[in-house]
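# Examination of the molecular architecture
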Amino acid sequence: MRYPVPVPFRLALLCVLLHGCATPPPPSTYEALRQSALRQATEAAQRHAAQGMLRDALRQWEIAAALAPGDGAVAENVRRLQARIAVTARAHREKGEALAADGRWRLARTEFLRALSLDPGDTLSRKRLRSLEQRQAERQLAAKVERSRIRLARSHANKNAPAEPEYPDPNGHAQSEGKTGAPPPITADAASPTDRVIDRLRDLLQRQPENFAVRRTLIGLYLQEADKGFNDGRYKAALEALTNAVELAEGLADQQGEIEARRVAYAERLYSLGVRLARAQPEQAQRYWRLTLGFKPDHRKAELRLQRDAQL
Amino acid sequence: MRYQRKSATPRARARRARLVLGLMLALLAGGGAHSRVVVDEHVIGRSDKYLVVVPRPGDDYAALALRYLRDPARAWQIEDANDSAPLQALDTVVVPLGAPEPGGFYGDSYQTVPILAYHKFGDTPSPMTVTREMFLAQMQYLAEHDYRVVRLRDLPDFLAGRKALPQRAVIITFDDGHQSIYRVAFPVLKRFGFPATLFIYTDYIENGGLKWDQLGEMIDSGLFELQPHSKTHANLAVRWDDESDKRYAERLDQETRLSGQKLREHLADPLYAFAYPYGDANDQVIDVLRGEGYALGLTVMRGANATFAPPFLLRRNMIFGTRGMAQFREALIVRQQLDAQ
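Residues numbered from 1 in each chain as written. Chains lettered and ligands numbered in written order. Predicted model: local features only at pLDDT ≥ 70, side-chain atom pairs only at ≥ 80, totals over all residues. Heavy atoms only, no water.

### Describing the overall build of chain B
Our working rule: Put simply, DSSP H or I for four residues or longer makes a helix, DSSP E for two residues or longer makes a strand, and each gets a number counted from the N terminus. For the radius of gyration, the atoms used are the C-alpha atoms, and the globule rule reads 2.2 Å times the number of residues raised to 0.38. For every residue, the accessible area obtained with a 1.4 Å probe (protein chains only) is divided by the maximum for its type, and the residue is called buried under 20%, exposed over 50%, and partly exposed between those limits. What makes two residues a contact is simply this: any of their non-hydrogen atoms within 4.5 Å. Surface exposure here means Shrake-Rupley accessible area, sampled with a 1.4 Å probe, where a residue is shielded only by the protein chains that are shown. His is not counted, nor are the chain ends, whereas Lys and Arg count as positive and Asp and Glu as negative. In plain terms, the charge of a residue is placed at NZ if it is Lys, CZ if Arg, CG if Asp and CD if Glu.
Looking only at helices and strands, one finds 10 helices and 16 strands in chain B. Taken over C-alpha atoms, the radius of gyration comes to 28 Å for chain B, far larger than the 20 Å a tight globule of 341 residues would show. With the C-alpha coordinates aligned to their principal axes, the bounding extent of chain B is approximately 120 × 45 × 40 Å. Split into buried and exposed, the 341 residues of chain B put 56% on the buried side. Put simply, 65% of the contacts in chain B that link residues at least 6 apart link residues at least 24 apart. Approximately 14700 Å² of chain B is accessible, and the part contributed by carbon and sulfur atoms is 51%. Within chain B, one finds 42 positive and 41 negative side-chain charges whose respective centroids are separated by 15 Å.

### Section: the nonpolar core
Rules: Here, nonpolar core refers to any group of buried Ala, Val, Leu, Ile, Met, Phe, Trp, Tyr and Cys residues whose side-chain atoms link them within 4.5 Å.
Formed by 62 residues in total, the largest nonpolar core has its most connected members in B:Y118, B:F135, B:M139, B:L142, B:I172, B:F174 and B:F224. Broken down by element, the residue count for this core peaks at 7 residues, all from helix α6 (residues 179-192) of chain B. Judged by nonpolar contacts, the second largest core, of 48 residues, contains A:L205, A:A226, A:L242 and B:A306.

### Some details on a negative patch on the surface
Residue and element names in this part refer to chain B. We apply this condition: Patches here: salt-bridge-free residues with over 30% relative accessible area, like charges joined within 9 Å, nonpolar side chains (Val, Leu, Ile, Met, Phe, Trp, Tyr) joined within 5 Å. Counted as salt bridges are all cases of a side-chain nitrogen of Lys or Arg within 4 Å of a carboxyl oxygen of Asp or Glu.
On the surface, E206, D213, E217 and D220 cluster together into a patch of negative charge. Summarising the element assignment, E206 is placed in the loop between β10 (196-200) and α7 (212-220). In this structure E206 comes out as partly exposed when scored by relative accessible area, which is 42%.

### Side note on the packing of helix α4 (residues 72-101) of chain A against helix α5 (residues 105-118) of chain A
Residues and elements named next belong to chain A. Applied cut-off: A fitted line through C-alpha atoms represents every axis, and for helices the fit uses only the stretch in contact; the resulting angles, taken between N-to-C directions, go from 0 to 180 degrees. In what follows, roughly perpendicular refers to angles from 65 to 115 degrees, roughly parallel to angles under 35, roughly antiparallel to angles over 145, and oblique to any angle outside these ranges. Each helix crossing is assigned a hand: it is left-handed if the near helix lies turned anticlockwise from the far helix by less than a right angle, otherwise right-handed if that turn is clockwise. Polar here means any residue other than Ala, Val, Leu, Ile, Met, Phe, Trp, Tyr, Cys and Pro, which are nonpolar, and Asp, Glu, Lys and Arg, which are charged; Gly is therefore polar.
At a closest axis distance of 8 Å, the pairing of α4 and α5 adopts a crossing angle of 160 degrees. When the interaxial angle is binned, α4 and α5 end up roughly antiparallel. Our pair here, α4 against α5, has a crossing hand that is left-handed. Contacts from I85, T88, A89, H92, R93, K95, G96, E97, L99 and A100 of α4 reach α5 at W105, L107, A108, E111, F112, R114, A115 and L118. Per-class residue counts for the contact of α4 with α5 are 10 nonpolar, 3 polar and 5 charged.

### Remarks on the packing of aromatic side chains
All names here are of chain B. To keep it simple, the criterion reads: A pair of Phe, Tyr and Trp rings is counted when the ring centres sit within 6.5 Å of each other, with Trp represented by its six-membered ring. The angle between the planes then sorts it: under 30 degrees is stacked, over 60 is edge-to-face, the rest tilted. In this analysis the charged atom, NZ for Lys or CZ for Arg, is taken to sit over a ring once it is within 6 Å of the ring centre and within 35 degrees of the ring normal.
A full pass over the atoms with the stated rule returns 23 aromatic pairs over all chains. An angle of 75 degrees between the planes, with centres 5.8 Å apart, marks the rings of F186 and F224 as edge-to-face. Remark: F224 occurs in strand β11 (residues 224-228) and F186 occurs in helix α6; sequence separation between them is 38 residues. Following the ring pairs from residue to residue traces out a cluster consisting of Y118, F121, F135, F174, Y182, F186 and F224. When the ring centre of Y147 is taken as reference, the NZ or CZ atom of R168 above it lies at 4.2 Å. R251 extends its terminal NZ or CZ atom over the ring of W240, reaching a point 4.1 Å from the ring centre.

### Quick notes on the domain arrangement of chain B
We count it as follows: Here the bounds of each domain stem from an automatic or database domain assignment.
The domains assigned to chain B are domain 1 (10-96) and domain 2 (109-337). Centre-to-centre separation of domain 1 of chain B and domain 2 of chain B, based on C-alpha positions: 43 Å.

### Observations concerning helix α2 (residues 61-69) of chain B
Residue and element names in this part refer to chain B. This is how the line gets drawn: Throughout, the arc means the angular range of directions from the helix axis out to the C-beta atoms.
Among the residues of α2, those classed as buried are Y61, L64, A65, Y68 and L69. Angularly, the buried residues of α2 cover 100 degrees about the axis, an arc narrow enough to put them on a single face. Buried positions along α2 lie against β1 (43-46), β2 (50-53), α3 (75-81) and β3 (93-96). One or two steps after α2, the chain reaches R70, where phi turns positive at roughly 60 degrees.

### What to know about the pattern of salt bridges
Oppositely charged side chains can pair when the atoms bearing their charge come close. Residue and element names in this part refer to chain A. Tallied over the entire structure, the rule returns 33 salt bridges over all chains. Between E146 and R149 there is a salt bridge, with the nearest N and O atoms lying 2.7 Å from each other. With E146 and R149 both in helix α6 (residues 123-157) and 3 residues apart, this pair spans about one turn of that helix. Residue classification places E146 among the partly exposed residues on the basis of a relative accessible area of 31%. Among the residues examined, R149 registers a relative accessible area of 40% and is labelled partly exposed. In this structure, D254 engages R216 in a salt bridge whose closest nitrogen and oxygen atoms are separated by 2.7 Å. A residue pair is termed long-range when its members are at least 10 positions apart, and D254 in helix α10 (residues 253-277) and R216 in helix α8 (residues 212-231) qualify at 38 residues. A relative accessible area of 46% places D254 in the partly exposed class. According to the relative accessible area criterion, R216 is partly exposed, its value standing at 34%.

### Quick word on the sheet that holds β1(B)
All names here are of chain B. Heads up, the rule is: Two strands pair under a simple rule: DSSP has to find at least two bridges between them.
Pairing in this open sheet of 3 strands is antiparallel, and the strands run β1-β2-β3 from one edge to the other. With partners counted over all chains shown, the strands left at the sheet margins are β1 and β3, one partner each. This sheet shows a mean twist of 25 degrees between the axes of neighbouring strands, independent of strand direction. Where β2 meets β3, 4 bridges bridge the pair, whose relative direction is antiparallel. Looking across to β3, one finds that V52 is bridged to V94. Helix-sheet contacts for α2 involve β1, β2 and β3, and the interaxial angle to β3 is about 50 degrees.

### With respect to the side chain of B:T112
Tracing the backbone shows B:T112 in the loop between β4 (109-111) and β5 (113-118). Leave out the neighbours within four places in its chain, and B:T112 touches B:A304, B:N305, B:A306, B:I333, B:V334, B:R335 and B:Q336.

### Remarks on the confidence of the model for chain A
Here is the rule we go by: Confidence scores here are pLDDT values: one per residue, from the predictor, ranging 0 to 100.
On average, chain A scores 79 in pLDDT, and the residues at 70 or more come to 79%. In the model, residues 20-25 of chain A has pLDDT below 50 throughout and makes 1 contact with residues more than four positions away in sequence or in other chains.

### Examining unusual backbone geometry
Most peptide bonds take the trans configuration, and most residues that are not glycine carry a negative phi. Residue and element names in this part refer to chain B. Not every positive phi belongs to a glycine, and R70 is a case in point at roughly 60 degrees. Mapped onto the secondary structure, R70 falls in the loop between α2 and α3. Accessibility expressed as a relative area gives 75% for R70, which makes it exposed. Of note in the backbone geometry, Y278 takes a positive phi value of approximately 60 degrees without being a glycine. On the secondary structure map, Y278 appears in the loop between β12 (273-275) and α9 (283-291).

### A few points about α6(B)
Residues and elements named next belong to chain B. Using the following cut-off: Multiply 1.5 Å by the residue count of a helix minus one, and that product is the helix's expected span. Bend angle per residue: angle between axes fitted to the 7 residues ending at that residue and the 7 residues starting there.
Here α6 spans 20 Å end to end across 14 residues, near enough to the 20 Å set by a 1.5 Å rise per residue. Where α6 bends most, the angle comes to about 40 degrees, and this point is A185, followed within four residues by the proline P187. Every buried residue belonging to α6 is among S180, I181, V184, A185, F186, V188, L189 and F192, and all of these are buried. Turning to α6, the residues buried within the fold contact β6 (120-121), α4 (132-144), β9 (169-176), β10, α7 and β11. G193 sits one or two residues past α6 and shows a positive phi near 70 degrees.

Put into structure tokens, the structure is as follows:
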């Protein structure tokens, strides 16, 4: 017996059949893989959390959440870990700030690194780390520039020598093989010997705040750093070193006098540089006057010059 | 018994046909939407951040990136999310859906980007001259060890914490503009498809160094970009004897502004990076470059650059022709421990 079915109904039936065929239930092997992946992610998350690697732990919980979207316990773990990360990152940042304020740069650096590793959007830690890196790089570069200056002076003294220095090996090694043996391992941020001494003395001062001999030594080191920075044209580094010295010189009248003398001398030198450039390069001149005020905020002449330029 | 169909009016038939067609379309649309959610049975986990998928036989990371991220160039993001494990070794693969977190922090360590600095190439190695064989071996090493050569122009966003770079990112640069870069390095880089930045001092162009038509060919390949390395290659951080402040400031202005100007006459690409001659700089040099709109300054201090590296004191590792592969490998620092000092 034949039942004639209208064409649209036949098409509809075909459509329903095809639709059914297009989405088969996932094979059991996929379910087994999902369970296995979920177990691995959960175990990895717990392992990372136990090791203090909180962001890695969070990532694993988030993967677990993708594998088990309806699992309330997994979602709760994600939420808790996010909160823990925020608190821990803040704690590291605050510790870093305290250490930096105390001049203990190496330890501060580690704390800022930990803060930034937990919260990559932490602009303050990024800024602090950059400023530490900058200080380190400036010092290293100044030493290199000094080597270049000496080479250049030598080559000028000896007419037969090349007019410009060869590229120096950045770490001061001989360029040919075997002259000084293998170079030391490269590090992105090796601390300078002076930095290390300063860090150690700072540590010591933390334990013995009344140890004036340590304070005097530290002040002496900072003044050396300031002189070196100023003579190399690294005025910001010089200012920073001088500021550190000022903080330590509280109650030490003789040291305060020495620091003040430097501040005045530096400020006057920068002010004069600005005056000499005032006509030809007003922008450079203003830069020098601003630096003058950095060293001596009450430098009246520099202030007036800047005010007058602003009015013009 | 024969089913007696009641004859319908043409209007009723048309209405019924519309209804059925509508039903069909709804079913098809529903099926389509469903298949968009499911995509395929290989997806076993899904959230707004990740997919967890079972790779198909013959898949590679680029195929997964094309299928799930619709961009094969994002293969490195999947590769990095799976610790660069060979795909064949994985039962399931994590596909990160969003952009990777910028900054390159991995729990107990952080990313650093090494920048390699080459000068010239020749048959006889010297500190500044690398042989073709050595350069080829070095590029081969990068390719075989999963290093990803990225463009220098990606670095400002990495330094600003706006963008992630592949975990094993490396940047290649050449200084000065020697002819041998065209003869030796260019064909090798083409072979590997590695991009590079050429820092050139403009007085050298057509005057012993590369010629404009060679530079044009290198830029047109899409692999090279050109950035300034001063006008005369004089050391900008060292003052000449009896050089007054004024003369020094004028010299800096000429070395930076005129070299930029000459490159701009021939190039469409923006200038954003300056390699200091001899790698030497000071505050004043950096101030001048900032004033001229540059975003990066490159030294030759050894080391690699983290996301918080100072943009005008970037470190580069010079590759010396008299040192072997060991020195080259040492230069490829792509990760530092958080607690390392």
